[in-house]
Amino acid sequence: MKENNGVAIIGGGIGGMEAAVLCAKRGHSVTLYEKSDKLGGVFVAAAAPSFKEKDRALIAWYNREIRKYPNITIHLNAEVKNVKALKADEVIIATGAKARRLNVNGAHTTIEAVDYLLGNKSVGEKVVVIGGGLTGCEIAYDLYLKGKQPVIVEMMDDLIVTKGICLANTSYLRDFFKTNQVPVHLETSLYQIVPRGVIVKHKDGQYETIPCDSVITSIGYNPAPVVKNKKVHVIGDAKKVGNLRSVIWGAWDVAMKI
């Protein structure tokens, strides 16, 4: 282990907090910078639905754990734009990812998944969810529990095709949608968003207009490191978009080498 070097961590999501705690345990002086007013990152939104109580408990645990160490200094509402100005011996970039944007007519009228999850924007009764990954499916499930009428549109031939996701969760969601007759359009792409609906294109080339009151987009994320070079360590979604396990394990691997 290196002698008590200063470690700067940019990003206070799960990966940033895991790295901070482990670096502190290893004797380093850690400064954590988070641009928002709370720790947790995008996981705060992911944990927002009523059925994600275990995720909320994990965020609370990290918030308690990280404050146990006097050698961790936390700066909230602190967006770092100049990494060199930090003058830290080691820098860990944990700035997460940015949501992908639709490139279709009417895209400006949609609601991004995080905005819905955080309650920043309200939806109508019938809601089309663009994207049948884990987040999109959880949003559709949440909508159903709230008495809404969700419709899922997914380009792939199945829901939640990403590897490494718990089979119990994915199987339950698929079965739930089937049992409760939630419309799921697979191998279907979004063509256009129109007033009071969306136009989609099916595998056979046929177009269909699906009436709706609101459209939520959940089409994935792209890594968004504030900087990426050989002099810094990039972890979590800022390196490669993954899941909770890959974020924590990646943070642990990096922190153990500092």
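Residues numbered from 1 in each chain as written. Predicted model: local features only at pLDDT ≥ 70, side-chain atom pairs only at ≥ 80, totals over all residues. Heavy atoms only, no water.

**Re helix 5 (residues 134-145)**
Compared with an ideal rise of 1.5 Å per residue, which puts 12 residues at 16 Å, helix 5 spans 16 Å between its outermost C-alpha atoms and is within 8% of the ideal. Every buried residue of helix 5 is accounted for by Gly136, Cys137, Glu138, Ile139, Ala140, Tyr141, Asp142 and Leu143. The elements touched by buried residues of helix 5 are helix 4 (113-117), strand 7 (126-130), strand 8 (149-153), helix 6 (167-179) and strand 13 (214-217). Within two residues after helix 5, Gly147 carries a phi angle of roughly 85 degrees, on the positive side. (Helix = DSSP H or I, 4+ residues; strand = E, 2+ residues; numbered from the N terminus. Expected span 1.5 Å × (residues − 1). Buried < 20%, exposed > 50% of the residue type's maximum accessible area, 1.4 Å probe, protein only. Contact = heavy atoms within 4.5 Å.)

**Notes on the sheet that holds strand 10 (residues 189-194)**
As a general point, the strands of a sheet are linked pairwise by backbone hydrogen bonds and lie either parallel or antiparallel. Pairing within the open sheet is antiparallel, and its three strands lie in the order 10-11-12. On the outer flanks of this sheet lie strand 10 and strand 12 (207-211), each paired with one strand and no other. Taking each pair of neighbouring strands and ignoring which way they run, the sheet shows an average axis angle of 25 degrees. Bridging between strand 10 and strand 11 (residues 197-201) involves five bridges; their strand directions are antiparallel. Paired with Ile193 across the strands is Val198, a residue of strand 11. (Pairing = 2+ DSSP bridges. Axes fitted to C-alpha atoms, helices over the stretch in contact; angles between N-to-C directions.)

**A closer look at the packing of aromatic side chains**
On inspection of all chains with the given rule, the structure shows eight aromatic pairs. When the ring of Tyr141 is compared with that of Tyr172, the centres are 5.8 Å apart and the planes differ by 90 degrees; the resulting orientation is edge-to-face. Remark: Tyr172 occurs in helix 6 and Tyr141 occurs in helix 5; sequence separation between them is 31 residues. The exposure class of Tyr141 is buried, given its relative accessible area of 12%. (Phe/Tyr/Trp six-rings, centres within 6.5 Å; stacked < 30°, edge-to-face > 60°.)

**Some remarks on the nonpolar core**
Residues Ile9, Ile14, Val30, Ile66 and Ile92 are the most contacted members of the largest nonpolar core, which totals 29 residues. Counting residues per element, the ones that place at least two in this core are strand 1 (6-10), helix 1 (14-25), strand 2 (29-33), helix 3 (53-66) and helix 7 (244-256). With eight residues, helix 1 is the single largest residue contributor to this core. One finds Ala113, Val129, Leu143 and Leu173 within the second-largest nonpolar core, a separate group that totals 22 residues. (Core = buried A, V, L, I, M, F, W, Y, C linked by side-chain atoms within 4.5 Å.)

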